[in-house]
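Coordinate inspection notes
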Amino acid sequence: MDPAVVGRRVRALREERGISLSTLARLAGVGKATLSGLEHGTRNPTLETLWAVTAQLGVPFTALLAEPTAGPTAHGTAVTATLLEVFTDTDATYELYRMRVAPGPVQLSPAHQPGVTEHITVFAGVLRAGPADAPLTAPAGGHLRWVSDVPHTYAAVGDEEVTASLLLRYPRR
């Protein structure tokens, strides 16, 4: 994922909505300097930062990418997510990711825009994920689903890396 491309997209989306840099930074819960660096392409943002910004802009994560089908990879505190496909239907946009969750750290992700849901199928390891105040657990072969318009977490249970698929559903406004 090219930070310069992402930065230009963030700035364009922010300006299209008439939101100041200070306002977006405050709403997304990120520092103004962080957002400015992101927009100028001088910072390599975390997955948490990008999802916080897109939630406040009301767009799917892939709206920041020049070529969503190119398979960019984003890294968070515990999660590495590689975009596999973006598709739309009449009422939603979907993003499909290959996801790996490293053992050890817990990743806290900010709320997405209202109505967004996450669907995870675990292929290896044991995953604890979902709303921060009520996470769910799934072993290999299991599936998790939750409305992700609240802060949510991802963590590998034990010492094994988790591999999974993540499907995000963004309802059309």
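Structure first, text after, so check above.
Residues numbered from 1 in each chain as written. Predicted model: local features only at pLDDT ≥ 70, side-chain atom pairs only at ≥ 80, totals over all residues. Heavy atoms only, no water.

Here Ser109 lies in strand S4 (residues 107–109). A polar contact is formed between the side chain of Ser109 and the side chain of Gln107, at a distance of 3.4 Å. Setting aside residues no more than four positions away along its own chain, Ser109 makes contact with Glu48, Trp51, Pro151, His152 and Tyr154. (Helix = DSSP H or I, 4+ residues; strand = E, 2+ residues; numbered from the N terminus. Polar contact = N/O pair within 3.5 Å; in protein donor to acceptor, adjacent residues only side chain to side chain. Contact = heavy atoms within 4.5 Å.)

When the terminal C-alpha atoms of helix H1 (residues 3–16) are compared, their 20 Å separation across 14 residues agrees well with the 20 Å that a helix rising 1.5 Å per residue should span. Buried residues of H1: Val5, Val6, Gly7, Val10, Leu13 and Arg14, and no others. If you follow the buried residues of H1, they end up packed against helix H2 (21–28), helix H3 (32–39) and helix H4 (47–57). Where H1 starts, the residue carrying a side-chain oxygen 2.9 Å from the main-chain nitrogen of Ala4 turns out to be Asp2. Where H1 terminates, the next one or two residues include Gly18, which has phi positive at roughly 70°. (Expected span 1.5 Å × (residues − 1). Buried < 20%, exposed > 50% of the residue type's maximum accessible area, 1.4 Å probe, protein only.)

Now for the environment of Gly115. Secondary-structure assignment places Gly115 in the loop between S4 and strand S5 (117–124). Given the relative accessible area of 31%, Gly115 is considered partly exposed. For the pair Gly115 and Arg173, spaced 58 residues apart in sequence, the C-alpha to C-alpha distance is 9.8 Å. Apart from residues lying up to four places away in sequence, Gly115 is in contact with Asp149, Arg169 and Pro171.

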